[in-house]
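Notes for the structure review
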Amino acid sequence: LQLVESGGGLVQAGGSLRLSCTASGRAFSSYAMAWFRQAPGKEREFVAGINWSGGRTYYADSVKGRFTISRDNAKNTVYLQMNSLKPEDTAVYYCASSIGPNIATTWRNWGQGTQVTVSS
C-alpha cells in the first residue's frame, strides 16, 4: 500500500482537526491501520489503531476520549478526528498499515506525514 496523509494544519488549543489517510491498492480492507506521531526531539509514538473492519479500536492514554479513529474501506481511507487539541499534540502525524487484519506491533507501510500545530 501507498499511503498519503492530509488534513494537518495550525489550530488553537481546544480546537479540532480531522486527518485523512488514503491508500492506493485494492487490499486496503485486509489490513489494520494506525496513526502515529512524532514531536520534535521525541520518538515516534502510537496514537490510535483500528482493525480491518473498524470493529476494534485502540488508543494511547494521552488521546483517549479526545481522538477518534475510523475507516471507510469503500474509500480506502482512514481518519483521525482530533478534538480538544492541546499544545502537546503538536507533531508530525503518520498513518501506517499493519501486516495483517488485526492491530499488531509491526507496521509495514508508512505515509509521508502531515504537520499538526496547536497554539496555546
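Quick look at the structure, then. (Residues numbered from 1 in each chain as written. Predicted model: local features only at pLDDT ≥ 70, side-chain atom pairs only at ≥ 80, totals over all residues. Heavy atoms only, no water.)

1. Observations concerning the nonpolar core
This is how the line gets drawn: Here, nonpolar core means buried Ala, Val, Leu, Ile, Met, Phe, Trp, Tyr and Cys residues that are tied together by side-chain atoms lying within 4.5 Å of each other. With a 1.4 Å probe rolled over the protein chains alone, any residue whose accessible area is under 20% of its type maximum counts as buried; one over 50% counts as exposed, and the rest are partly exposed. Strands here are runs of E lasting at least two residues and helices are runs of H or I lasting at least four, both read from the DSSP assignment and numbered beginning at the N terminus.
Judged by nonpolar contacts, the single largest core of 27 residues is most densely connected at Trp35, Leu80, Met82 and Tyr93. When contributions to this core are tallied by element, the ones reaching two or more residues are strand S3 (17-24), strand S4 (33-38), strand S5 (45-50), strand S7 (67-72), strand S8 (77-82), strand S9 (91-98) and strand S11 (114-119). The biggest single contributor to this core is S3, with 4 residues.

2. Things to note about the side chain of Ser98
Stated formally: In protein, a polar contact requires one atom able to donate a hydrogen and another able to accept it; more generally it is a pair of N or O atoms within 3.5 Å, and residues adjacent in sequence count only if both atoms are side-chain atoms. The contact criterion used is simple: two residues touch if any of their non-hydrogen atoms lie within 4.5 Å.
Following the sequence through the fold, Ser98 ends up in strand S9. Residue Ser98 is classed as buried on the basis of its relative accessible area, which comes to 1%. Among the polar contacts listed, one links the side chain of Ser98 to the backbone oxygen of Thr106, at a separation of 3.3 Å. Not counting the four nearest positions on each side in its chain, Ser98 is found in contact with Tyr31, Ala32, Ala104, Thr106, Trp107 and Arg108.

3. Observations regarding the packing of aromatic side chains
Let me state the cut-off plainly: For Phe, Tyr and Trp, rings pair up if their centres lie within 6.5 Å, where Trp contributes its six-membered ring, and each pair is then called stacked (planes under 30 degrees apart), edge-to-face (over 60) or tilted (otherwise). Counting as a charge over the ring demands two things of the Lys NZ or Arg CZ atom: a distance within 6 Å of the ring centre and an angle within 35 degrees of the ring normal.
Evaluation of the coordinates by the stated rule reveals 4 aromatic pairs. Look at Phe36 and Phe46: their rings are 5.5 Å apart centre to centre, the planes differ by 85°, and that puts the pair in the edge-to-face class. With Phe36 in strand S4 and Phe46 in strand S5, this residue pair connects regions lying 10 residues apart in the sequence. Judged by its relative accessible area of 9%, Phe36 is buried. Note on Phe36 and Trp107: the rings are 5.7 Å apart at their centroids and 75° apart in plane angle, and the pair reads as edge-to-face. Remark: Trp107 occurs in strand S10 (residues 107-110) and Phe36 occurs in strand S4; sequence separation between them is 71 residues. You can call Trp107 buried: its relative accessible area is 12%. Sitting above the plane of the Trp110 ring, Arg44 keeps its charged end 4.4 Å from the centroid. Sitting above the plane of the Phe28 ring, Arg71 keeps its charged end 4.5 Å from the centroid.

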